[in-house]
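# Structural overview
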Amino acid sequence: MTRTITVGIDGSPESHAAAEWAAREAELRDLPVRLLHVWEPAPAVLAQEPILGSKTHQNWVEHIPRKVAEGLRLRHPGVLVTSDQRSGPPADTLVSDADAAELLVLGSRALSGLGGFLVGSVGQSVIARSETPVVLVRAGERAADEHVMDPVGIPSAVTAFRPVVVGLDADSADDGVLAFAFEEARRRGTAVHVVSAWRPPPSSTYPLAADAVLGQGGARRKAADLTRLLLPWRQKHPDVEVIEASRPGSPARHLVDVSHGASLLVVGRRVRHNPFGVHVGAVAHAALHHVGAPVAVVAHP
């Protein structure tokens with residue numbers, strides 16, 4: 001079966017932005033785009049109404065993927081675009097369909113003033129449960145937002161890509177997360193900016209000169225550990241520039257700070273099989289709510 005980039009669409013501005021991002025990613029990966037519209041059948045009471053009945057409702061929802069597909073084909077003639085529909089609970093259906101996809105792309109409303117996302121219950125549930133990488137794209141995302149400014153400071157989609165930023169726990173790094181980030185950077189011809197934050201020991205307050213020296217020694221060891229961890233990846237991807245940042249403090253805060261200049265942010269999410277609640281992890285949660293760039297959440301053991 002041909003792998004696809006699947007996009008969940010519902011006719012909203014954020015789902016249109018997700019579809020556009022998916023088409024651009026499809027050009028980089030040479031993959032088709034599959035638009036998936038999940039709709040829930042009209043309630044029994046409304047199904048009996050001649051104007052809001054089930055047939056009218058179905059005809060209206062069928063219009064959404066068809067129009068989005070037509071627009072993508074016009075703007076991205078080199079990308080094969082198909083559309084599909086499913087009926088049922090949106091989160092369950094998207095998670096199930098994502099198993100056959102290379103990527104699952106969802107849209108989300110931007111948080112006014114914060115630059116991040118307003119992640120609805122469906123999006124959170126999908127991110128927490130899908131073992132396929134999920135990319136969240138905010139409403140209003142443009143191709144030019146992922147590129148550096150042109151020489152006179154004007155946004156452009158033909159200049160170089162901004163770096164791909166990846167958050168990494170050097171003590172339990174996952175190869176799948178790093179592989180995803182390096183491949184995305186390679187496709188874009190840009191750098192990987194690896195951010196690894198660590199918390200100083202609780203007893204370390206650095207009030208004295210001796211404590212400060214110990215703190216500096218610990219920081220150097222952490223930086224050296226990160227360099228050693230990334231060495232095989234530098235060798236595997238010699239054409240990808242690697243920028244390392246090993247910093248003490250909150251992983252989420254450092255990642256959010258660095259990601260304001262990113263074309264894509266990649267974060268990991270541990271696979272959890274707890275049937276209760278929706279858990280995406282503290283770092284992924286912070287990234288989704290405070291970063292304006294598209295965010296790729298990669299599940300790992």
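Residues numbered from 1 in each chain as written. Predicted model: local features only at pLDDT ≥ 70, side-chain atom pairs only at ≥ 80, totals over all residues. Heavy atoms only, no water.

### Considering the packing of aromatic side chains
Threshold: Any pair of Phe, Tyr and Trp rings, taking the six-membered ring for Trp, is counted once the centres come within 6.5 Å. Such a pair is stacked with planes under 30 degrees apart, edge-to-face with planes over 60 apart, and tilted for the rest. A run of H or I in DSSP becomes a helix once it reaches four residues, and a run of E becomes a strand once it reaches two; helices and strands are each numbered from the N terminus. Only protein chains enter the accessibility calculation, which uses a 1.4 Å probe; a residue is then buried when its area is under 20% of its type maximum, exposed when over 50%, and partly exposed in between. In this scheme, the term charge over a ring applies when either NZ of a lysine or CZ of an arginine sits within 6 Å of the ring centre and within 35 degrees of the ring normal.
By the definition in use, this model includes one aromatic pair. Their ring planes at 25 degrees and their centres at 5.6 Å tell us that Phe-182 and Trp-233 sit as a pair that is stacked. One end of the pair, Phe-182, is in helix α6 (residues 175–188); the other, Trp-233, is in helix α7 (residues 209–236), and 51 residues separate them in sequence. Here the two residues Phe-182 and Trp-233 agree in accessibility, since each one is buried. Taking the ring centre of Phe-161 as reference, the NZ or CZ of Arg-188 above it sits at 5.6 Å.

### Structural notes on the confidence of the model for the protein
What counts is decided by this rule: The quantity known as pLDDT measures the predictor's confidence residue by residue, on a range of 0 to 100. Throughout, a residue-residue contact means that at least one pair of heavy atoms, one from each residue, lies within 4.5 Å.
Mean pLDDT over the protein works out to 82, with 80% of the residues at or above the 70 mark. Within the protein, no element has a lower average pLDDT than strand β5 (residues 117–118), which sits at 46, and none a higher one than α6, at 96. For the stretch residues 110–118, pLDDT sits under 50, and the model shows 33 contacts to residues farther than four places along the chain or on other chains. The low-confidence segment residues 208–214 (pLDDT under 50) makes two contacts with residues lying over four places distant or belonging to another chain.

### Looking at the nonpolar core
Put simply, the test is: Residues grouped as a nonpolar core are buried Ala, Val, Leu, Ile, Met, Phe, Trp, Tyr and Cys residues, joined through side-chain atoms within 4.5 Å.
Counting residues in each nonpolar core, the largest one holds 43 residues, and the members touching the most others are Val-7, Leu-35, Val-105, Val-194 and Val-266. A per-element tally of this core places helix α1 (residues 13–29) first, with seven residues. Ignoring any residue separated from it by four or fewer positions in sequence, one finds Val-194 in contact with Val-166, Leu-168, Leu-226, Leu-230, Val-242, Ile-243, Glu-244 and Ala-245.

### Things to note about the packing of helix α8 (residues 251–259) against helix α9 (residues 282–290)
The condition is simple: Here, axes are lines fitted to C-alpha atoms. For helices the fit covers the stretch in contact, and angles between N-to-C directions go from 0 to 180 degrees. Left-handed is the label given to a crossing in which the near helix is rotated counterclockwise from the far helix by less than a right angle, and right-handed is the label when the rotation is clockwise. When residues are grouped by polarity, Ala, Val, Leu, Ile, Met, Phe, Trp, Tyr, Cys and Pro land in nonpolar, Asp, Glu, Lys and Arg in charged, and all others, Gly among them, in polar.
Close contact between α8 and α9 brings their axes to 9 Å; oriented N to C, the two are set at 35 degrees. Considering only the axes of α8 and α9, their crossing is right-handed. Note on element contacts: α9 touches α8 through Val-283, Ala-286 and His-290, opposite Pro-251, Ala-252, Leu-255 and Val-256. When the residues that make up the contact of α8 with α9 are grouped by side-chain class, the tally is six nonpolar, one polar and no charged.

### Describing unusual backbone geometry
Of note in the backbone geometry, Asp-30 takes a positive phi value of approximately 60 degrees without being a glycine. By the secondary structure assignment, Asp-30 is in the loop between α1 and β2 (33–39).

### What about the pattern of salt bridges?
Put simply, the rule reads: The term salt bridge refers to a pairing of a side-chain nitrogen on Lys or Arg with a carboxyl oxygen on Asp or Glu at a separation within 4 Å.
As enumerated under the stated definition, the model contains 21 salt bridges in all. Of the charged contacts in the structure, one is a salt bridge between Glu-25 and Arg-29, with a shortest N-O distance of 2.7 Å. Linking Glu-25 with Arg-29, this pair stays in helix α1, spanning four residues, or about one helical turn. Overlapping salt bridges, with partners in common, bring together Arg-3, Glu-25, Arg-29, Glu-102, Glu-184, Arg-187 and Arg-188 in one network.

### A short note on the pairing of strand β11 (residues 295–300)
Let me state the cut-off plainly: Two strands make a pair as long as DSSP finds a minimum of two bridges between them.
Buried residues dominate β11, accounting for six of its six residues. On β11, burial covers both faces: Val-295, Val-297 and Ala-299 on one face and Ala-296, Val-298 and His-300 on the other are all buried. Strand direction decides the pairing type here: strand β6 (residues 134–138) and β11, joined by three bridges, are antiparallel. Within β11, the position partnered with Val-135 by the bridge is Ala-296. Across six bridges, strand β10 (residues 264–270) lies against β11 in parallel orientation. Bridge assignment links Arg-269 to a residue of β11, and that residue is Ala-299.

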